[in-house]
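Given next are the chains, with one letter for each unit.
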Amino acid sequence: MKYEQILVERQGPVQLVTLHRPERMNAWTFRMAHELLHSFAEADANDAVRAVVVTGHGNAFCAGADLGGGSDTFSGRGGATGNDDDRRSTREAIQARQTKTPIIAAINGAAVGAGLTQTMAWDLRVAAEDAKLGFVFNRRGVMPDADLLWTIPRMIGYGPAMDLLLTGRIFLGAEGKELGLINRSVPRADVLSTAMALANDIAENTAPVSVAITKRLMYDFLNRDWQQADQLQREVFAWTGQQPDAREGVSAFLERRPPKWTMSKSKDSPSVLQVPPRHR
């Protein structure tokens, strides 16, 4: 795929993706979403990529949906956010939560509306303390988009979620950290380096298959009752404990050396429904 609205580069085991629409403060479009999901899929298929970091070009992360379509922006007829092919491709693509590779948002500046919403489907968020954030949908005459009404209450609780989603108010990255929406809140100049350090820590010290399974089950368990989740977790833990990376993890710790993982996230990670059934 030829990327037009993002930049993609490899930095060792980390794939760095930069939202790149400088003339529009990196405003979100379906084309951008399509390109992002394609880049995530590429990273997922590459065992050498252990984490993805997404940041914004310049002083903004993403200024929300491109409002160049004027009053028709949210009608489905606004051309600024992309054409029907881009919309369809985005719906049909593997979504961020389905990937095996951790995705980290490096929110270096303003992220509102769709600009912030997209990061909620990623795994970790590092934000500038003074970055302006907001789920501003109700202030634009539309309800909160994507799965925000499902996601945010589960992340930070019903009351705080109602505050952010109902009012659509702007809040800073530092408050986002206090609420639990943001994982790390740091000075603006340190956002990318902090996110990259987090990504490299994952790459150097965690096993790719166990990370992939952890990510998948964390999301899956949001829709299971405790008994189902407990049973499945026992089965998956038993499976991981019998794999080469489990032996390597213990050996590396005892021998005081960096681990050398041999399993493949793209080939050896069982899906939730393909875990060896023992009691189901």
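The rules behind these values
Residues numbered from 1 in each chain as written. Predicted model: local features only at pLDDT ≥ 70, side-chain atom pairs only at ≥ 80, totals over all residues. Heavy atoms only, no water. Helix = DSSP H or I, 4+ residues; strand = E, 2+ residues; numbered from the N terminus. Buried < 20%, exposed > 50% of the residue type's maximum accessible area, 1.4 Å probe, protein only. Contact = heavy atoms within 4.5 Å. Areas by Shrake-Rupley, 256 points an atom, 1.4 Å probe, with all protein chains shown as cover. Lys, Arg positive; Asp, Glu negative; His and termini not counted. Charge placed at Lys NZ, Arg CZ, Asp CG, Glu CD. Pairing = 2+ DSSP bridges. Axes fitted to C-alpha atoms, helices over the stretch in contact; angles between N-to-C directions. pLDDT = per-residue confidence, 0-100. 1 Å grid on protein atoms, 1.4 Å probe; cavity = no way out; pocket = protein on both sides within 12 Å on 5 of 7 lines; lining within 4 Å. Points joined across faces, edges and corners; volume = space filled by probe spheres on them. Nonpolar A, V, L, I, M, F, W, Y, C, P; charged D, E, K, R; others polar. Salt bridge = Lys/Arg side-chain N within 4 Å of Asp/Glu carboxyl O. Polar contact = N/O pair within 3.5 Å; in protein donor to acceptor, adjacent residues only side chain to side chain. Patch = residues over 30% accessible without salt bridge, like charges linked within 9 Å, V, L, I, M, F, W, Y side chains within 5 Å. Phe/Tyr/Trp six-rings, centres within 6.5 Å; stacked < 30°, edge-to-face > 60°.

**Concerning the overall build of the chain**
Each helix and strand in the chain was counted, giving 11 helices and 10 strands. Reported as C-alpha extents along the three principal axes, the dimensions of the chain are approximately 60 × 40 × 40 Å. When the 280 residues of the chain are sorted by exposure, 46% land in the buried category. Considering only residue pairs separated by 6 or more positions, the chain has 71% of its internal contacts joining residues 24 or more positions apart. Carbon and sulfur atoms make up 53% of the accessible area of the chain, which amounts to about 14000 Å² in all. Side-chain charges in the chain split into 33 positive and 32 negative, and the spacing between the mean points of these groups amounts to 2 Å.

**Digging into the sheet that holds strand β7 (residues 124-128)**
Across the sheet, which stays open at both edges, the six strands sit in the order β1-β2-β3-β5-β7-β10 with mixed pairing between neighbours. The open sheet is flanked by β1 (6-11) and β10 (184-186), the only strands paired with a single partner. When strand polarity is set aside, the average angle formed by the axes of neighbouring strands in this sheet is 20°. Direction of pairing for strand β2 (residues 14-19) relative to strand β3 (residues 51-56): parallel, over a ladder of six bridges. Looking across to β3, one finds that V17 is bridged to V54.

**Structural notes on the confidence of the model for the chain**
Note that predicted coordinates carrying low pLDDT should not be read in detail. Mean pLDDT over the chain stands at 91; residues scoring 70 or higher make up 90%. Overall, residues 276-280 carries pLDDT values under 50, and its contacts beyond four positions in sequence, including any with other chains, amount to 12 contacts.

**What to know about the environment of L19**
Note on placement: L19 falls in strand β2. In this view, L19 contacts Q5, I6, N26, M32, L36, V54, T55, G56, H57, F61, C62 and Q118; residues no more than four positions away in its chain are not counted.

**Some thoughts on unusual backbone geometry**
Trans is the common state for peptide bonds, and a negative phi is the common state for residues other than glycine. Positive phi values are uncommon outside glycine, yet M25 reaches one of about 55°. Tracing the backbone through its elements, the reader meets M25 in the loop between β2 and α1 (30-45). Despite not being glycine, A146 has its phi angle at roughly 55°, a positive value. With respect to the secondary-structure elements, A146 resides in the loop between β8 (132-134) and α4 (148-156).

**Some details on the layout of surface pockets**
Size it by volume and the second largest pocket reaches roughly 520 Å³. Along the walls of the second largest pocket sit 20 residues, with W122, D123, K215, M218 and Y219 positioned nearest its centre. Looking at the lining of the second largest pocket, the elements that each hand over two or more residues are β7, α4 and α8 (208-220). Element by element, the count of residues in the lining of the second largest pocket is highest for α8, at five residues. Classifying every residue of the lining of the second largest pocket by side-chain character gives 12 nonpolar, three polar and five charged.

**What to know about the pattern of salt bridges**
In total, this model carries 13 salt bridges according to the counting rule given. R31 is the partner of E35 in a salt bridge, and the nearest nitrogen-oxygen pair spans 2.7 Å. Separated by four residues within a single helix, E35 and R31 lie in helix α1, roughly one turn from each other. The class for E35 is buried, based on a relative accessible area of 0%. Where D130 meets R188, a salt bridge forms, and the shortest distance between an N and an O atom there is 3.2 Å. Separated by 58 residues along the polypeptide, D130 in the loop between β7 and β8 and R188 in the loop between β10 and α7 (191-205) bring together distant segments of the chain. When its relative accessible area of 41% is taken as the criterion, D130 is described as partly exposed.

**Things to note about the side chain of K215**
When you line up the elements, K215 lands in helix α8. Of note is the side chain of K215, whose polar atom sits 3.1 Å from the backbone oxygen of A96. Contact partners of K215, with chain neighbours within four places excluded, come to A96, R97, T99, T101, P102, I103 and D123.

**Focus on a nonpolar patch on the surface**
Taken together, the side chains of Y158, M162 and L166 make up a nonpolar region of the molecular surface, amounting to roughly 350 Å² of accessible area. Position of M162 relative to the elements: it lies in helix α5 (residues 158-167). Of the residues examined, M162 reaches a relative accessible area of 36% and is grouped as partly exposed.

**Some details on the packing of aromatic side chains**
Think of a pair of aromatic rings as described by two things: how far the centres are apart, and how the planes are tilted against each other in angle. Taken as a whole and judged by the stated rule, the model has four aromatic pairs. Between F40 and W122 the ring centres are 5.8 Å apart and the planes differ by 90°, which places this aromatic pair in the edge-to-face class. Placement of the pair is F40 in helix α1 and W122 in the loop between α3 (114-117) and β7, with a sequence separation of 82 residues. Across this residue pair, the class does not change: F40 and W122 are buried. Ring plane angle 40° and centroid distance 6.4 Å describe the contact between F135 and F171, whose orientation is recorded as tilted.

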